[in-house]
Amino acid sequence: MTSRDDFADGAPVGRDGAAPVPAAHRTSNAFGSPGTDSTVKRIDLNDALIKHPDATFVMRAAGDTMNGAGIADGDVLLVDRAITATHGSIVIAVVDGELLCRRLEVIGAKPGAAASGRAQQSVRLAAADDVAPPIDLGHAVPLEVWGVVTTVIKSLTA
């Protein structure tokens, strides 16, 4: 069983570049009889969850402001720095030198529009609770998106 301290915050994850990439296999949701040879293959979570290994980092969520988006205090986040943030993405953004996890809202944007080239757009970072107010960055403040959250890993045991 892993503990909360088993994941180094900010540690890069992914397959070693020299290691061969295994072929993708589909399996059933049953494991077969323990007395017979099973053809179930192990799932490599790096291959299943990480598209850009050199640009993906592990972070731990702190606080409850993103509970409404399914991100609780202590959850492990996979953050991909190679993905362009778009309207509606959950991002790790730098605000006043602090990394914050928030939903990116580009006001005046079409769904899926990137946050760049926003002459007529306003940007804000919204929490997923009813307590924390959105951080309105307006038109002039440059937004530094550190990465896009792609996966949330939660422990179901205490």
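Would you take a moment to explain the environment of Gly63 for this structure?
Positionally, Gly63 belongs in the loop between strand E1 (56-60) and strand E2 (76-80). Judged by relative accessible area, which is 31%, Gly63 ranks as partly exposed. Remark: the alpha-carbon pair of Gly63 and Asp73, spanning 10 residues in sequence, is separated by 4.8 Å. When near neighbours in sequence (up to four residues on either side) are disregarded, Gly63 contacts Ala72 and Asp73.

Would you mind going over the side chain of Asp80 with me for this structure?
Mapped onto the secondary structure, Asp80 falls in strand E2. One polar contact links Asp80 to His52, side chain to side chain, over a distance of 2.7 Å. In contact with Asp80, not counting residues within four places along its chain, are His52, Ala55, Thr56, Gly147, Val148 and Thr150.

Which parts of the structure should I look at to understand the sheet that holds strand E3 (residues 90-95)?
Within a beta sheet, neighbouring strands are joined by backbone hydrogen bonds and run either parallel or antiparallel to one another. Read across the open sheet, the seven strands follow the order E1-E2-E7-E3-E4-E5-E6; overall the sheet is antiparallel. Two strands lie at the open edges of the sheet, namely E1 and strand E6 (135-138), each paired on one side alone. The average undirected angle you get between the axes of adjacent strands in this sheet is 40°. The sheet contact formed by E3 and strand E4 (residues 98-107) spans six bridges and is antiparallel. Pairing of Val91 across the sheet is with Arg102, part of E4.

Sorry if this is basic, but what is going on with the environment of Ala72 here?
Along the chain, the position of Ala72 falls in the loop between E1 and E2. For Ala72, a relative accessible area of 24% gives the class partly exposed. For the pair Ala72 and Arg60, spaced 12 residues apart in sequence, the C-alpha to C-alpha distance is 9.6 Å. Those residues in contact with Ala72 that lie beyond four places of it in its chain are Ala61, Gly63, Asn67 and Lys154.

Which parts of the structure should I look at to understand the nonpolar core?
Proteins that are soluble and globular tend to have nonpolar side chains buried together. Ranked by size, the top nonpolar core spans 12 residues in total: Phe57, Met59, Ala61, Met66, Ile71, Leu77, Val79, Ile90, Ile92, Cys101, Trp146 and Val149. Counting residues per element, the ones that place at least two in this core are E1, E2, E3 and strand E7 (144-153).

Conventions used here
- Residues numbered from 1 in each chain as written.
- Predicted model: local features only at pLDDT ≥ 70, side-chain atom pairs only at ≥ 80, totals over all residues.
- Heavy atoms only, no water.
- Helix = DSSP H or I, 4+ residues; strand = E, 2+ residues; numbered from the N terminus.
- Buried < 20%, exposed > 50% of the residue type's maximum accessible area, 1.4 Å probe, protein only.
- Contact = heavy atoms within 4.5 Å.
- Polar contact = N/O pair within 3.5 Å; in protein donor to acceptor, adjacent residues only side chain to side chain.
- Pairing = 2+ DSSP bridges.
- Axes fitted to C-alpha atoms, helices over the stretch in contact; angles between N-to-C directions.
- Core = buried A, V, L, I, M, F, W, Y, C linked by side-chain atoms within 4.5 Å.

Scope: geometric values only; no functional claims are made or implied.
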